[in-house]
Amino acid sequence: MSESKMKVLVTGGCGYIGSHTLVDLIDNGYEVVSADNLSNSTEDALAGVEKITGVKVKNYRVDLTDLAATRAIFQENPDIEGIIHFAAYKSVGDSVFNPLGYFHNNINSLLNVLYCAEEYNAPHFIFSSSCSVYGNTDALPVVESTPFQEAESPYARTKQMGEQIIRDFAGKDGKVSSVILRYFNPAGAHETAQLGEAASNPATNLVPVITETAIGKRESMTVFGDNYNTRDGSCVRDYIHVMDLANAHVKSLEYLAEGKNATKADIFNVGIGEGVTVLEAINAFEKTADKKLNYQIGDRRAGDVVAVYADPNNSMTKLDWEPKRNIDEIMRTAWNWEKARTA
Ligand code: WQD
């Protein structure tokens, strides 16, 4: 391990992407602290991080919508130079039933973390955004300049608004530089199977649904539609391995630290640029796990877009980042994680 680089605050460090990013930060010599109120996670993830890296990460169990409590983290750690802000509610479906809760949580926590970045002179800020900011776009592959369509959910709107807040803030005096990362479909787990996604119960995203079906937590699963206008009739998505996604954050910090940013709030898509259909994903699982999945074809799911995948050229060239894992690696690691946590 190289000598310690800057100290980084990871909000949502006990969550799926946050915990994997802690591992990549530690592996790359960063000092880290986490802030997570455990509203949708547990500190088990930090135990996994410790098993993998040997480093025990301190978690501040703080509600980031509380400014005084957020400040206290910085008072204790005045040397924080980088902030990676993952902490947020993320369920598209829940957000429709709880829009105010989503705005309260996702917007106030962002504002408070930005207040602190400014007050405590933390110059580098990375924001978790989402391909959902593009709405139902026909432009494929999606480039960063693809215009936003109407947000399909309050969740997606919190991400659109978050990006706008960061851009306005960056325009003020530019003391804090940001990178906004728009994730496509994160999936997979750490190679060691010590860390992975603690999916919602029951899971709703495709990859955990597949592994839960295979292990017998559910009897069967449904492919939501096979009559779309795609190569096999099922929907197309850009699945990005969580460790490749984690590494995009580390690369973004390096990019900011080296002053390579073009603006004070550069935006990057984080996908692999390849669309995979639901049936192809199932096939990849069956091949890697050497196991038949019990699935049936069902109706289309309300709100699904037919196809969405990234043009990741910008992130690959400017951030010097390269996704190294494909859908087979996603399935292999997700399956190992499912078996490890069920054992
Ligand atoms: C993938 C594909 C389903 C389950 C969501 C959010 C998005 C982003 C990522 C945050 C679709 C199909 C799924 C199943 C299936 N999150 N499917 N049977 O909807 O692309 O994206 O997570 O920013 O905003 O909307 O992900 O994993 O739910 O679905 O056929 O049991 O798998 O129809 O085509 P989605 P997903």
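Below: a short report on this structure. (Residues numbered from 1 in each chain as written. Predicted model: local features only at pLDDT ≥ 70, side-chain atom pairs only at ≥ 80, totals over all residues. Heavy atoms only, no water.)

### Concerning the environment of Ile 272
Inference 1: With respect to the helices and strands, the residue Ile 272 is situated in the loop between strand E11 (265-270) and strand E12 (276-277).
Inference 2: Placed 86 residues apart in sequence, Ile 272 and Pro 186 show a C-alpha to C-alpha distance of 10 Å.
Inference 3: With residues near it in sequence (within four places) discarded, Ile 272 still touches Asp 238, Tyr 239, Ile 240, Pro 312, Pro 323 and Arg 325. (Helix = DSSP H or I, 4+ residues; strand = E, 2+ residues; numbered from the N terminus. Contact = heavy atoms within 4.5 Å.)

### Side note on helix H2 (residues 44-53)
Inference 1: Taken together, the buried positions of H2 are Ala 45, Leu 46, Gly 48, Val 49 and Thr 53. Projected down its long axis, H2 shows its buried positions confined to an angular sector of 155°, all on one face. Facing away from the buried side of H2, by more than 90 degrees, are the exposed residues Asp 44 and Lys 51.
Inference 2: Turning to H2, the residues buried within the fold contact helix H1 (16-27) and strand E3 (59-60).
Inference 3: Remark: Gly 54 follows H2 within two positions and exhibits a positive phi of approximately 80°. (Buried < 20%, exposed > 50% of the residue type's maximum accessible area, 1.4 Å probe, protein only. Arc of directions from axis to C-beta.)

### So, the packing of helix H9 (residues 278-289) against helix H11 (residues 327-342)
Inference 1: Two elements in contact, H9 and H11, have axes whose closest approach is 9 Å; the angle formed by their N-to-C orientations is 60°. Here H9 is positioned oblique relative to H11, judged by the angle of their axes. Of the two elements, H9 crosses H11, and the hand of that crossing is right-handed. Contacts between H9 and H11 involve Ala 281, Ala 284, Phe 285, Lys 287, Thr 288 and Ala 289 from the first element and Ile 327, Asp 328, Met 331, Arg 332 and Trp 335 from the second. (Axes fitted to C-alpha atoms, helices over the stretch in contact; angles between N-to-C directions. Parallel < 35°, antiparallel > 145°, perpendicular 65-115°, else oblique. Left-handed = near helix turned anticlockwise from the far one by under 90°.)

### With respect to the packing of H1 against helix H8 (residues 242-257)
Inference 1: In contact at an axis separation of 8 Å, H1 and H8 are set at 60° when each is read in the N-to-C sense. Relative to H8, H1 is oriented oblique. At the point where H1 passes H8, the crossing takes the right-handed sense. Of the residues in H8, those touching H1 at Tyr 16, Ile 17, His 20, Thr 21, Val 23, Asp 24 and Leu 25 are Val 242, Met 243, Leu 245, Ala 246, Asn 247, His 249, Val 250 and Leu 253.
Inference 2: Tallied by class, the residues present in the contact of H1 with H8 amount to 10 nonpolar, 4 polar and 1 charged. (Nonpolar A, V, L, I, M, F, W, Y, C, P; charged D, E, K, R; others polar.)

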